[in-house]
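Structure at a glance
This is what each chain is made of:
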Amino acid sequence: MTPRWSAFLSSRGATLAEGVVRRFGDPAGELDAAATASVLADLSHLALLGVSGPDAESFLQGQLSCDVAGLAADGATLGSYCSAKGRMLASFVLWREPDGFALALSRTLAGPIAQRLRLFVLRAKVAIADRSDECVLLGAAGAAAESALRAAAGALPQQAGRVARRDGATVVRSARDRYLIAAAPERAPTLWDALSERLRPVGTPCWEWLDIVDGLPLVTARIQDELVPQMANLELIGGVSFEKGCYPGQEVVARTQYRGKPKRRMFLARIEGAAPAPGDPLYSEDLGDQASGAIVNAAPAPGGGYDVLAVVHASSAADSTVRLGSPAGAPLRFRPLPYAVP
């Protein structure tokens, strides 16, 4: 987050810590609004990488789990970047730009991922740059988000997985009335003020909670290199292509898909008590002192407690009590995801 954007948000009532908006004065009310109304959030917990040049498409096609070459000119997709062992080093939203592609991923990983990608450029005509200071990332959600964005930003994508651009703003549409907006720094303050007339400004934890209840995992530094994409349900939400050619870890990902379902899967759950964090281990009665899984993402939930995305043994989630941190820790209460998990 640039000093100018930080100062602007502070002038609009934001409380910031470590470069992220924590709240706009009423965390509980903001969470309730995220659950029942329409909201606007700063997304400075994310970074934006730009991949440009004549060979950008073919380069990314050989590096990422999603089908970059098959992406429409106005298309967007989820995806992951994996190690040779098939474990996710990052997850992201990717979309086409006029000069290449943009990837929105965890801010904790932007530098290392850009550096790692550059190692494989070799003779390809590709440039990889951290563009986080060149744009402002915002999120809009709720029933009023579409009309608010249409009034403030003009044309909107008509369906999920599509992108529209106008007047210095790129709008990426996801499911359930949710939008990611990448705005030029000079456009962002005016856009924020226009949207906030119809959408309630909320802290970034509210957006993280929306991702959790939508079953959308975000790989951060604390859970990096731990999960194959199927453990995080990425193939169920469009982040893995099994039709494209090779990419790092492709053999492991394909073997996981075609030689029996993964033993661990990601589930949505509620936890009461102390705050969980990504990477915290989970234990279940059926496995005793052996860890059954780990927290992927966690955020405060409306009404108290925490909602989490947790990867655990499927048998443990179905037939056993799963607990946080130790075999005697707080229990997880599992809830249905908005999509079916095999």
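To start, this report covers the structure provided alongside it.

About the cut-offs
- Starting from 1, residues in each chain are numbered consecutively following that chain's sequence as written.
- The predicted nature of this model means local features are confined to residues of pLDDT at least 70 and side-chain atom pairs, given and counted, to a pLDDT of 80 or more, with totals for whole chains, interfaces and linings taken over all residues.
- Think of the side-chain values as coming from all heavy atoms in the structure, minus any hydrogens and water.
- Helix and strand assignments follow DSSP, with helices taken as H or I runs no shorter than four residues and strands as E runs no shorter than two, numbered in order from the N terminus.
- Just to be clear, the radius of gyration here is over C-alpha atoms, and the globule rule we use is 2.2 Å times residues to the power 0.38.
- For the exposure calls, accessible area comes from a 1.4 Å probe over protein chains only, and a residue counts as buried if that area is under 20% of its type's maximum, exposed if over 50%, partly exposed in between.
- Only heavy atoms enter the contact rule, under which two residues are in contact if any of them lie within 4.5 Å.
- Computed by Shrake-Rupley with a 1.4 Å probe, the accessible areas treat only the displayed protein chains as cover when residues are assessed.
- For two strands to count as paired, DSSP must find a minimum of two bridges between them.
- Angles shown run from 0 to 180 degrees and are taken between the N-to-C directions of axes, each axis being a line fitted to C-alpha atoms and, for helices, limited to the stretch in contact.
- We count a salt bridge whenever a side-chain nitrogen from Lys or Arg sits within 4 Å of a carboxyl oxygen from Asp or Glu.
- By arc we mean the arc of the directions from the helix axis to the C-beta atoms, nothing more.

Concerning the overall build of the protein chain
- The helix and strand inventory of the protein chain stands at nine helices and 19 strands.
- For 342 residues, the compact-globule estimate of 2.2 N^0.38 gives 20 Å, and the C-alpha radius of gyration of the protein chain, at 20 Å, lies within 12% of that figure.
- In terms of principal-axis extent, the alpha carbons of the protein chain reach across some 55 × 50 × 35 Å.
- For the protein chain, with 342 residues in total, the buried portion stands at 54%.
- The long-range share in the protein chain, meaning contacts at least 24 apart out of those at least 6 apart in sequence, stands at 70%.
- When the accessible surface of the protein chain is summed, it comes to about 14500 Å², and 50% of that surface belongs to carbon and sulfur atoms.

Some details on the pairing of strand β14 (residues 264–271)
- The buried fraction of β14 amounts to seven of the eight residues, a majority that puts the element mostly inside the structure.
- Alignment of β14 against strand β17 (residues 306–313), held across eight bridges, turns out to be antiparallel. Note on β17: the bridge partner recorded for Phe-267 is Ala-310.

A few points about the sheet that holds strand β5 (residues 76–82)
- Spatially, β5-β6-β7-β4-β8 is the arrangement adopted by the five strands of the open sheet, whose pairing is antiparallel. Two strands in the sheet have a free side with no partner beyond their single neighbour: β5 and β8 (127–130). Here the average twist between neighbouring strands, direction ignored, is 30 degrees.
- Alignment of strand β4 (residues 46–52) against β8, held across four bridges, turns out to be antiparallel.

Thoughts on the pattern of salt bridges
- One pass over the full model with this rule turns up 17 salt bridges.
- One salt bridge in this structure joins Asp-211 and Arg-178, with 2.8 Å as the shortest N-O distance. With Asp-211 in helix α7 (residues 204–213) and Arg-178 in strand β12 (residues 178–183), this pair connects stretches of sequence that are 33 residues apart.
- Owing to a relative accessible area of 18%, Asp-211 belongs among the buried residues under this scheme.
- Note that Arg-270 is salt-bridged to Asp-307, the shortest N-O span being 2.5 Å. Of the two residues, Arg-270 sits in strand β14 while Asp-307 sits in strand β17, which places them 37 residues apart along the sequence. The two residues Arg-270 and Asp-307 agree in class, both being buried.
- When salt bridges with common partners are traced through the structure, they connect Glu-146, Arg-150 and Arg-173 into a single cluster.

So, helix α6 (residues 188–196)
- Taken residue by residue, α6 has Ala-188, Pro-189, Leu-191, Trp-192 and Leu-195 as its buried positions. In a view along the axis of α6, the buried residues occupy a sector of 165 degrees, so they form one face of it.

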